[in-house]
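# Survey of secondary and tertiary structure
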Amino acid sequence: MSSKNLKIAALAGDGIGPEVMREAIKVLRAVEKKFSLTVNLTEAPVGWAGIDAAGKALPDATLKLCKESDCILFGSVGLPDRDPSIPKEERPERAALLRLRKEFGLFANLRPVKLPKELSHACPLSKERQGDGIDILVVRELTGGMYFGQPKKTEEISAGAGKGTIQRAIDTMVYTTPEIERIAHVAFRTARLRRKKLTSIDKANVLENGILWREVVTKVSKEYPDVTLEHMFVDNGAMQLMLRPTQFDVMLCENMFGDILSDEAAALAGSLGMLPSASLGAQSGDRVYGFYEPAGGTAPDIAGKNLANPIAQILSVALMLRHSFGFNDAANAVEAAVGKVIASGLRTGDIFSASETNARKVGTTEMGDAIAAAI
Ligand code: NAD
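I will try to describe carefully the structure that is included in this document. (Residues numbered from 1 in each chain as written. Predicted model: local features only at pLDDT ≥ 70, side-chain atom pairs only at ≥ 80, totals over all residues. Heavy atoms only, no water.)

### Here's the deal with helix H9 (residues 255-267)
Counted only if it meets this: For helices the rule is a DSSP run of H or I covering at least 4 residues; for strands it is a run of E covering at least 2, with both sets numbered from the N terminus onward. One fewer than the residue count of a helix, multiplied by 1.5 Å, yields its expected span. Whether two residues are in contact is decided by their heavy atoms, any of which lying within 4.5 Å being enough.
With 13 residues, H9 ought to run about 18 Å at 1.5 Å a step, and its terminal C-alpha atoms sit 19 Å apart, in line with that. Residues of H9 that are buried sit in contact with strand S4 (108-115), strand S5 (134-141), strand S8 (197-202), helix H8 (234-243) and strand S10 (250-253).

As structure tokens, then:
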């Protein structure tokens, strides 16, 4: 999609959500001005804020707004200490977050992990292993595989020879060709916007799913001759992320492997406050429904104190501009502004190290102001 009129539902949620969302909107307004866009952004309550406002974690009016919008810019939801009498199904994590993912058929999860050179102190790996900086995008299939395959149950079975019963748990890993094709297309298209290298992760030496995954991804790759494809077993992928993370550009994974590897990769960036994510639905014409949110949660320990790092939320805006609206220049401008401010030495507490000579600790608002000014 490449329309200059952007219809966005902004759901800040709970904890640090409203604080970091405020800074993201500030940056979006700066982008709107610079690139002559018309941003039609409407804010609505979700999570405990939804329960407080309308008695539901996902109020009807909020869902309606989402349906009428091109995408959702999401903060985060959930406050573990609030009202334990409210059942799990009605609590924000399930009633809002999982409901929205299901409602919009979000099958592709994009988790970029970028460690700028200036933040090498925040990374657990040695400087040598970080090379010129880590820049990986994990593309994870989100609606299939082991987490959803049937049968899925725990049953009592006979232990044999009069020994009574034992329990047996069954999970089923299942993928169809179309499910693999559609996530592979997302990964190849995204690799085209980056360094044009795709590493497809599987376990083709052991799993039937791995064999099919490898075959289908190889077939899809013929449509993207400009992207270099390599295959890697998941166990080696986990090891290579620690040994030589700079070899990766885009990593394509099925659901469970992606869950594990995206968190492993995230650890390389040093703080959850730096990590955005996008979840995309099916393409319909030139439109892809998108859901954009920081990788972290509501951070109740620092909420309301002007301590949260707004960069994950701001980088979610960049993902939104790129994937929902096709505004690559505007997306690049947001990422460049973040890079510039980091290079200038501004740090929120989570990425601050006293060992950096030119670093200056700032709050959420000052970080947002600086990034908006750098657009
Ligand atoms: P969390 O991600 O909220 O916090 C973990 C740690 O990371 C905390 O020390 C926190 O201060 C820090 N952190 C997170 N984001 C930060 C930021 N932007 N800047 C600086 N530091 C940051 O995880 P948690 O404490 O396990 O969960 C708190 C609540 O958030 C729970 O209710 C959980 O269910 C919810 N949650 C929601 C989402 C979501 O809405 N997508 C995701 C994860 C957790």
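### A few points about the nonpolar core
Under the convention used in this document: Nonpolar cores were defined as sets of buried Ala, Val, Leu, Ile, Met, Phe, Trp, Tyr and Cys residues, with membership established by side-chain atoms within 4.5 Å. The rule is simple: take the accessible area with a 1.4 Å probe, protein chains only, and divide by the maximum for that residue type; under 20% is buried, over 50% is exposed, in between is partly exposed. Segmentation into domains, and thus their bounds, comes from an automatic or database assignment.
Counting 90 residues, the largest nonpolar core has Ile8, Val139, Leu252, Met320, Leu321 and Ile371 as its most contacted members. A per-element tally of this core places helix H10 (residues 311-323) first, with eight residues. Each of domain 1 (1-114 + 275-375) and domain 2 (124-155 + 163-269) gives at least three residues to this core. Among residues more than four places away in sequence, those in contact with Leu321 are Leu6, Leu28, Val31, Leu37, Gly326, Phe327, Ala330, Ala331 and Val334. Residues Trp48, Ile86, Leu106 and Tyr289 belong to the second largest nonpolar core, which totals 23 residues.

### Describing the sheet that holds strand S12 (residues 287-294)
Quick reminder of the rule: For two strands to be treated as a pair, DSSP must find no fewer than two bridges joining them. Axis geometry follows a simple rule: fit a line to the C-alpha atoms, using only the stretch in contact for helices, then measure angles between N-to-C directions, giving values from 0 to 180 degrees.
Across the sheet, which stays open at both edges, the 10 strands sit in the order S2-S1-S3-S12-S11-S4-S5-S10-S8-S9 with mixed pairing between neighbours. Here the strands that pair on one side only, and so sit at the sheet edges, are strand S2 (38-43) and strand S9 (228-233). Strand-to-strand twist across the sheet, computed as the mean angle between neighbouring axes with direction ignored, equals 20 degrees. Bridge count between S8 and S9: six bridges; the pairing is parallel. Within S9, the position partnered with Ser200 by the bridge is His231. Here helix H4 (residues 92-103) sits on the sheet in contact with strand S1 (5-13), strand S3 (71-76) and S12, set at roughly 160 degrees to S12. The strands that helix H7 (residues 208-221) touches are S5, S8, S9 and S10; relative to S9, the one it contacts most, it runs at about 175 degrees.

### Remarks on the site of the ligand
Under the convention used in this document: We call a residue near a molecule or strand when any one of its heavy atoms sits within 4 Å of it. Polar contact is the term for a pair of N or O atoms within 3.5 Å; when the atoms are in protein, one must be able to donate a hydrogen and the other to accept it, and sequence-neighboring residues count only if both atoms are side-chain atoms. Working definition of accessibility: Shrake-Rupley area with a 1.4 Å probe, residue cover restricted to the visible protein chains. Under the grouping applied here, Gly and all other residues not named as nonpolar or charged are polar, the nonpolar ones being Ala, Val, Leu, Ile, Met, Phe, Trp, Tyr, Cys and Pro and the charged ones Asp, Glu, Lys and Arg.
Close to the ligand lie 21 residues, the nearest being Val77, Glu93, Gly297, Ala299 and Asn309. Between Val77 and the ligand, the recorded distance is 2.9 Å, taken from a backbone N or O atom to an oxygen atom. With respect to the ligand, the side chain of Glu93 contributes an N or O atom lying 2.6 Å from an oxygen atom. For the ligand, whose free accessible area comes to 800 Å², the fraction covered by protein is 68%. Looking at side-chain class alone, the shell around the ligand contains 10 nonpolar, seven polar and four charged residues.

### Quick word on the pairing of S12
Burial within S12 is extensive, with seven of its eight residues counted as buried. Sheet topology places S3 next to S12; three bridges connect them, and they run parallel. Paired with Cys71 across the two strands is Gly290, which belongs to S12. Of the strand pairs in this sheet, strand S11 (residues 276-284) and S12 are connected by seven bridges, and their pairing is antiparallel. Following the sheet pairing, Pro276 is matched in S12 by Pro294. The hairpin turn running from S11 into S12, its antiparallel successor, is two residues long, and Gly285 in that turn takes a positive phi close to 65 degrees.

### So, the packing of H10 against helix H11 (residues 328-343)
Note the following rule: Each angle is binned into one of four classes, with values under 35 degrees roughly parallel, values over 145 roughly antiparallel, values of 65 to 115 roughly perpendicular, and all other values oblique. Each helix crossing is assigned a hand: it is left-handed if the near helix lies turned anticlockwise from the far helix by less than a right angle, otherwise right-handed if that turn is clockwise.
Between H10 and H11, the least distance of the axes is 7 Å, while the angle of their chain directions is 160 degrees. In terms of orientation, H10 and H11 fall into the roughly antiparallel class. As H10 runs across H11, the sense of the crossing is left-handed. Together, Ile311, Ile314, Leu315, Ala318, Leu321 and Arg322 of H10 and Asn328, Ala330, Ala331, Asn332, Val334, Glu335, Val338 and Ile342 of H11 make up the contact between the two elements. By residue class, the composition of the contact of H10 with H11 is 10 nonpolar, two polar and two charged.

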